[in-house]
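Report on the structure
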Amino acid sequence: MTIRVVVADDQELVRSGFAMILDVQEDIEVVAEVGDGAAAVAAVRDLAPDVALLDIRMPVLDGIEACRTISASSSCRTVMLTTFDSDEYVYEALHAGASGFLLKDVRRDDLVHAVRVVAAGDSLLAPSVARRLIEEYTAATARPAAGEALSAERLEALTARERETLLHLGRGLSNAEIAGALTVSEHTVKSHVGNVLSKLGLRDRIQAVICAYETGLIAAGGPTGSWVSPSGE
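Bear in mind that the values here come from a model prediction, so they are computed numbers and not experimental data.

Positionally, V31 belongs in strand β2 (residues 28–34). Taking relative accessible area as the criterion, V31 reaches 22% and is therefore assigned partly exposed. In sequence terms V31 and A19 are 12 residues apart; their C-alpha atoms lie 9.3 Å from each other. In this structure V31 touches R4, V5, V6, L47 and P49, once residues within four positions along its chain are discounted.

If you look at the biggest cluster of nonpolar residues, it comprises 27 residues, and the most contacted ones within it are L54, M80 and F101. Among the elements of the structure, β1 (3–8), β2, α2 (37–47), β3 (51–55), α3 (63–73), α4 (87–96) and α10 (205–214) are those that each provide at least two residues to this core. Setting aside anything within four residues of it in sequence, one finds M80 in contact with L54, I56, G63, I64, C67, A93, A98, G100, F101 and L102. Ranked by size, the runner-up nonpolar core spans 21 residues in total, among them I178, L197, L200 and A212.

Next up on the list: the sheet that holds strand β5 (residues 100–103). Read from one edge to the other, the open sheet built from five strands follows the order β2-β1-β3-β4-β5, with strand pairing classed as parallel. Edge positions in the sheet fall to β2 and β5, since each of these pairs with one other strand and no more. Neighbour-to-neighbour, the strand axes of this sheet turn through a mean angle of 20 degrees, independent of strand direction. Inspection of the sheet shows β1 paired to β2 by six bridges, in the parallel sense. Following the sheet pairing, R4 is matched in β2 by E29. Against the sheet, helix α1 (residues 12–23) makes contact with β1, β2, β3 and β4 (77–82), and its axis sits at roughly 165 degrees relative to β2, the strand it touches most. Against the sheet, α2 makes contact with β1, β2 and β3, and its axis sits at roughly 135 degrees relative to β2, the strand it touches most.

What follows concerns a negative patch on the surface. Residues E12, D23, E29 and E33 make up a contiguous surface patch of negative charge. Topologically, E33 is positioned in strand β2.

This part takes up α3. Taken as a whole, α3 has its buried residues at G63, I64, A66, C67, I70 and S71. Buried positions in α3, seen along its axis, are confined to an arc of 155 degrees and lie on one side of it. Exposed positions of α3 whose direction lies more than 90 degrees from the buried face are A72 and S73. Near the N-terminus of α3, the side chain that reaches the backbone nitrogen of I64, with its oxygen 3.1 Å away, is that of D62.

For a regular strand, the rule is simple: side chains alternate between the two faces of the sheet. Buried residues dominate β1, accounting for five of its six residues. In this structure, β1 lies alongside β3, joined through four bridges in parallel fashion. Bridge pairing in β3 places V7 opposite L53.

Contact pair helix α7 (residues 160–170) / helix α9 (residues 186–200): the axes reach a minimum separation of 9 Å and the direction vectors enclose 90 degrees. The angle between α7 and α9 places the two elements in the roughly perpendicular class. Together, R161, E162, T165, L166 and L169 of α7 and H192, V193, N195, V196, K199 and L200 of α9 make up the contact between the two elements. In terms of residue class, the contact of α7 with α9 is made up of five nonpolar, three polar and three charged.

Another aspect to go through is the pattern of salt bridges. Under the counting rule described, the total for this entry stands at nine salt bridges. Across the pair D9 and K104 runs a salt bridge, and its minimum N-O distance is 2.8 Å. Of the two residues, D9 sits in the loop between β1 and α1 while K104 sits in the loop between β5 and α5 (108–119), which places them 95 residues apart along the sequence. Each member of the pair, D9 together with K104, is buried. Of the charged contacts in the structure, one is a salt bridge between D110 and R107, with a shortest N-O distance of 3.1 Å. We classify D110 as partly exposed; its relative accessible area is 31%. Its relative accessible area of 57% is what places R107 among the exposed residues. Connected through salt bridges with shared partners, the residues D9, D55 and K104 form a single ionic network.

Conventions we followed
Residue indices begin from 1 for each chain and proceed along its sequence in written order. Given that this is a predicted model, residues contribute local features only at a pLDDT of at least 70 and side-chain atom pairs are listed and counted only at 80 or more, while totals for whole chains, interfaces and linings are drawn from all residues. Hydrogens and water are ignored here; the side-chain numbers use all heavy atoms of the structure. Helix and strand definitions here come from DSSP, where helices need a minimum of 4 consecutive H or I residues and strands a minimum of 2 consecutive E residues; each element is numbered from the N-terminal end. Accessibility here uses a 1.4 Å probe with only protein chains present; expressed as a share of the type maximum, an area under 20% marks a residue as buried, one over 50% as exposed, and anything in between as partly exposed. We call two residues in contact when some of their heavy atoms are within 4.5 Å. To form a nonpolar core, buried Ala, Val, Leu, Ile, Met, Phe, Trp, Tyr and Cys residues must be joined to one another through side-chain atoms within 4.5 Å. A pair of strands is treated as paired once DSSP finds two or more bridges between them. Comment: axis = line fitted to C-alpha atoms, over the contacting stretch for helices; angle = value between 0 and 180 degrees taken between N-to-C directions. Patch definition: residues above 30% relative accessible area lacking any salt bridge, with like charges linked at up to 9 Å and the nonpolar side chains Val, Leu, Ile, Met, Phe, Trp and Tyr linked at up to 5 Å. Accessible surface area values rest on a Shrake-Rupley calculation with a 1.4 Å probe, where residue burial reflects the displayed protein chains alone. For salt bridges, the criterion is a side-chain nitrogen of Lys or Arg within 4 Å of an Asp or Glu carboxyl oxygen. All tallies of charge rest on Lys and Arg as positive and Asp and Glu as negative; His and the ends of each chain are not included. The location of each charge is read from NZ of Lys, CZ of Arg, CG of Asp or CD of Glu. The directions considered for the arc are those from the helix axis to the C-beta atoms. Whenever a nitrogen or oxygen atom comes within 3.5 Å of another N or O atom, the pair is scored as a polar contact, on the condition that within protein one atom can donate a hydrogen and the other can accept it, and that pairs from neighbouring residues in sequence are kept only if both atoms are in side chains. For classification purposes, an angle smaller than 35 degrees is called roughly parallel, one larger than 145 roughly antiparallel, one from 65 to 115 roughly perpendicular, and anything else oblique. Residues are sorted three ways: Asp, Glu, Lys and Arg are charged, Ala, Val, Leu, Ile, Met, Phe, Trp, Tyr, Cys and Pro are nonpolar, and all the rest, Gly among them, are polar.

Note that every value here comes from positions in space, so none of it alone points to a role or purpose.
Take a look at the structure:
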């Protein structure tokens, strides 16, 4: 299956370079190159690509807002591109729905790998790294753990075991580690993870980490967080 990609960057040489690297791959087709976030949103709407590469700093609409709109209105997965290695950018990009984050000096092979990984439904950032970023960013900015967009009431859709699973996802645990913690098989954990993502409308495990913090299931401030169950369990 061919992976369809939109490349969005306001620097023509950068987006053309990325497009050329990707378009020569047998399994990747660049369906559009655009220079601003609004054009990226329109291209995703009109062309239904699998992956969008979005520069964070673009005119008309920046990459993070474009990512937020794309994530809310389509199944296209996004990878953010920037020259700045900043925890704030990473946090905001992941919060907007991004599945990956790359610096613009990324190696050719790593760029191609990133597109394939994200198109397959995986994330470029390990959940454990996402948990650390969320902990550090919320602590540094005094940002509240619970956001307006994610209410603890959403967790009422989950069973008690699914809430436990989300708790462990929020702590960055792998399926094998969750299986050990819950004393169940990895197959059962995969089923629980799938149910959690489906019921909460989350794209991947990274979004589950963010959800665990912003619903208050995990309270920021400790090395692993603490479970604050809305049901008191």
